[in-house]
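Listed below are the residues making up each chain.
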Amino acid sequence: MEGKTNLLDFTLPRLTEWLVEQGEKPFRARQLFQWIHQRGVDDFDAMTDLAKSLREKLKDIAEVTAPAILSEHRSEDGTVKWLFDVGIGNGIETVFIPEEDRGTLCISSQVGCVLDCSFCSTAQQGFNRNLTAAEIVGQVWLANRELAGSLGWKVGDDRIITNIVLMGMGEPLANFRNVIPAIHIFLDDLGFDISRRRVTLSTSGLVPQIYKLAEEVNCALAVSLHAPNDELRSQLVPINRKHNIAELLEACWHYLDEQNGRSVTFEYVMLDGVNDRPEHARELAQLLRGHPAKINLIPFNPFPGTQYRRSPLAVIERFRDELMQRGLIATIRKTRGDDIDAACGQLAGQVTDRTTVRLGSKTFGLQVRA
Ligand code: SAH
C-alpha cells in the first residue's frame, strides 16, 4: 500500500512522538526500535512482545523498507559491494570491507554528487537527489541482514559491522537534514549501537555545515584535503574556491573542541605528479603540525576516462616518511575491492536521471555540471 510510514526514517525520539500521535504508549518505541535495528526485523507479526492490536495497526500504517538490492559483487579480498535501487534508473553503492579486527561499511548519502572533484568517479555521474534517512539507514540495515545471513550469524551480531563510514557516493554535509537522523540511529544504543569514534563522516569541506554538525551529533570527522595549498586544492576540490583551507581548518579545530574529539583525519589522494612531491608533504606538515590531525594517504583508484594516475608506492611511502619525520601521524590506506570497482572514488552507481540538480545549486551556491 502506498503512503505507509517507513520506520527506518525515524530516530528513537521521533518514533516515540509518532507512536504517541497514533495513540500508543511512548515506551513501545524502545521495543519497536530494537526489533527494527538490533534484530533486523521488518515483519510486525514477528515482534511478539508488542500487543497484537499494535502489530495489526502497524501493519496497516507502517513499513520497514530498505532500498532493494539490484546486484551484489564479492571481491577476492572479501569486500562486498551492493548496488541498491533508489528509483527510476538510479542506483547507489554500499561497500563492506572486512578486516581482522573490524568490519567497515561504507555508505552513500546522495544519488551522485554536485561537488565535481576532478579525481572522483561519482562526480562524473552528475547529481540526482539526496537520499532519505530511510535510504541511508536502509543500507546498514540490509547489509547487516545480508552479511549475517551469509555468515550464518545472528543479525546485529556486533562482530559484523563495527564501523560505519560516510565515504560512499555523495557529500554527506550537503544532505544534512537526512544524514543527521541517520547518524543518531547508528549511535543509539537501542539502534545500531556503534560508538561515536566508529562512525565517520567524510566531507570535502562544507565549512558552515561543519559548524552545524558540531552542534548536532558526536561522530568522527574526516576531511578530504588532498592538497597543501589553496591553488592546488581549488583545482582538485572546487568547493575550496568558496571555503579555503584556512577556513576549513578553523572549522575542524572548532569541531574537535565542541565534541571533545581526539583528532580529525585528513584524506589525501595520491595523484602521480600532481600533489605527491616531497615539497607538498613538507607544506602539508607545516599546515598541520601541532594540531590534532591524522593523515590518511589514499592511493588514487583509477576509473574509465580519468586523466590521473596513481602515484607509485615508493613515492607514497616517501611522502608518508616526510610527514612522519615532521612528527605527523600518517598512514597509507589499503586499497580494497578494486577488482569489483569498490575502492574509494570508484563508486559510480547509476544516475540516469540528472534533472533534479536544483537542490545542490540553491543550497550551496555551487556550479552544477550535470
Ligand atoms: N564527499 C565526501 C565523501 C565521499 S568520498 C568527501 O569528499 O569526503 C570518500 C573519499 O574518497 C574522499 O576523500 C574522496 O576524496 C576520495 N576519493 C574520491 N575519488 C577517489 C579516487 N578516484 N581514488 C581515491 N580516492 C578517491
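Above this text sits the structure in question.
This structure is a prediction, so every number in the text was calculated from the model and none was measured.

Undergrad: For this particular structure, what's the right way to read the sheet that holds strand β6 (residues 102-106)?
TA: Backbone hydrogen bonds are what pair the strands of a sheet, in a parallel or an antiparallel way. Across the sheet, which stays open at both edges, the 10 strands sit in the order β3-β4-β5-β6-β9-β10-β11-β12-β13-β14 with mixed pairing between neighbours. The open sheet has two free edges, formed respectively by β3 (68-74) and β14 (329-332), since each of these has just one partner strand. Each neighbouring strand pair of the sheet contributes to a mean axis angle of 20 degrees, computed without reference to strand direction. Of the pairings in the sheet, the one linking strand β5 (residues 91-99) to β6 comprises 5 bridges and is antiparallel in character. The residue of β6 that forms the bridge with Ile-97 is Thr-104. Contacts between helix α6 (residues 176-187) and the sheet are confined to β9 (163-166) and β10 (199-203), with β10 contributing the most and set at about 160 degrees to the helix.

Undergrad: What exactly am I supposed to notice about the site of the ligand here?
TA: As a matter of local geometry, the ligand sits amid 21 residues, with Phe-119, Ser-202, Ser-224, His-226 and Asn-301 nearest to it. Residue Ser-224 places a side-chain N or O atom 2.6 Å away from an oxygen atom belonging to the ligand. Contacts to the ligand include Glu-267, whose side-chain N or O atom sits 3.3 Å from an oxygen atom. Burial of the ligand by the protein chains amounts to 96% of its free accessible area of 530 Å². Of all elements in the fold, only β10, β12 (264-270) and β13 (293-299) reach the threshold of two or more residues within the shell around the ligand.

Undergrad: Explain the side chain of His-243 to me, please; I cannot follow it from the model alone.
TA: On the secondary structure map, His-243 appears in the loop between α8 (230-236) and α9 (245-259). A distance of 3.5 Å separates a polar atom in the side chain of His-243 from a polar atom in the side chain of Glu-247. The residues touching His-243, leaving out its near neighbours within four places in the chain, are Gly-205, Val-207, Pro-208 and Arg-233.

Undergrad: I'm lost on the packing of helix α7 (residues 207-216) against α9 in this one. Help?
TA: In a packed pair of helices, the relevant descriptors are the angle between the two axes and the axis-to-axis distance. Where α7 contacts α9, the two axes come as close as 9 Å, and the packing angle between them is 5 degrees. Comparing the axis directions of α7 and α9 gives the class roughly parallel. Every residue of α9 that contacts α7 at Val-207, Ile-210, Tyr-211, Leu-213 and Ala-214 is listed here: Glu-247, Leu-248, Glu-250, Ala-251, His-254, Tyr-255, Glu-258 and Gln-259.

Undergrad: Just checking my understanding: could you explain the environment of Pro-172 for this structure?
TA: You can see Pro-172 is positioned in the loop between β9 and α6. The exposure class assigned to Pro-172 is buried, which follows from its relative accessible area of 1%. Remark: the alpha-carbon pair of Pro-172 and Gln-110, spanning 62 residues in sequence, is separated by 7.3 Å. Setting aside residues up to four positions removed in sequence, Pro-172 forms contacts with Ser-109, Leu-166, Val-179, Leu-201 and Ser-202.

Undergrad: What is the right way to look at helix α11 (residues 313-325) in this model?
TA: Because an α-helix packs 3.6 residues into every turn, residues spaced three or four apart end up facing the same way. Compared with an ideal rise of 1.5 Å per residue, which puts 13 residues at 18 Å, α11 spans 18 Å between its outermost C-alpha atoms and is within 8% of the ideal. Buried residues in α11 make contact with β12, α10 (278-288), β13 and β14. Directly after α11, the chain includes Gly-327, whose backbone phi takes a positive value near 85 degrees.

Calculation rules
- Residue positions are given per chain, counted from 1 along the sequence in the order it is written.
- Only residues with pLDDT of at least 70 are given local features in this predicted model, and only at 80 or more are side-chain atom pairs given and counted; all residues enter the totals for whole chains, interfaces and linings.
- Just so you know, side-chain values use all the structure's heavy atoms and leave hydrogens and water out.
- A pair of strands is considered paired only if DSSP assigns at least 2 bridges between the two.
- Secondary structure counts use DSSP, requiring at least four H or I residues in a row for a helix and at least two E residues in a row for a strand, with both numbered from the N terminus.
- Throughout, an axis means a line fitted to C-alpha atoms (over the contacting stretch in the case of helices), and angles, computed between N-to-C directions, take values from 0 to 180 degrees.
- We call two residues in contact whenever any of their non-hydrogen atoms come within 4.5 Å of each other.
- We call a residue near a given molecule or strand whenever any one of its heavy atoms falls within 4 Å of it.
- Here a polar contact means two N or O atoms within 3.5 Å. Within protein one must be a hydrogen donor candidate and the other an acceptor candidate, and residues neighboring in sequence count only if both atoms are side-chain atoms.
- Computed with a 1.4 Å probe, the accessible areas rest on the Shrake-Rupley method; for each residue, only the protein chains presented here act as cover.
- Should an angle lie under 35 degrees it is considered roughly parallel, over 145 roughly antiparallel, and from 65 to 115 roughly perpendicular; all remaining angles are considered oblique.
- A 1.4 Å probe rolled over the protein chains alone gives each residue an accessible area, and that area as a share of the maximum for its type sets the label: buried under 20%, exposed over 50%, partly exposed in between.
- The span one expects for a helix is its residue count, reduced by one, times 1.5 Å.

Purely geometric stuff here, so don't read any function into it on its own.
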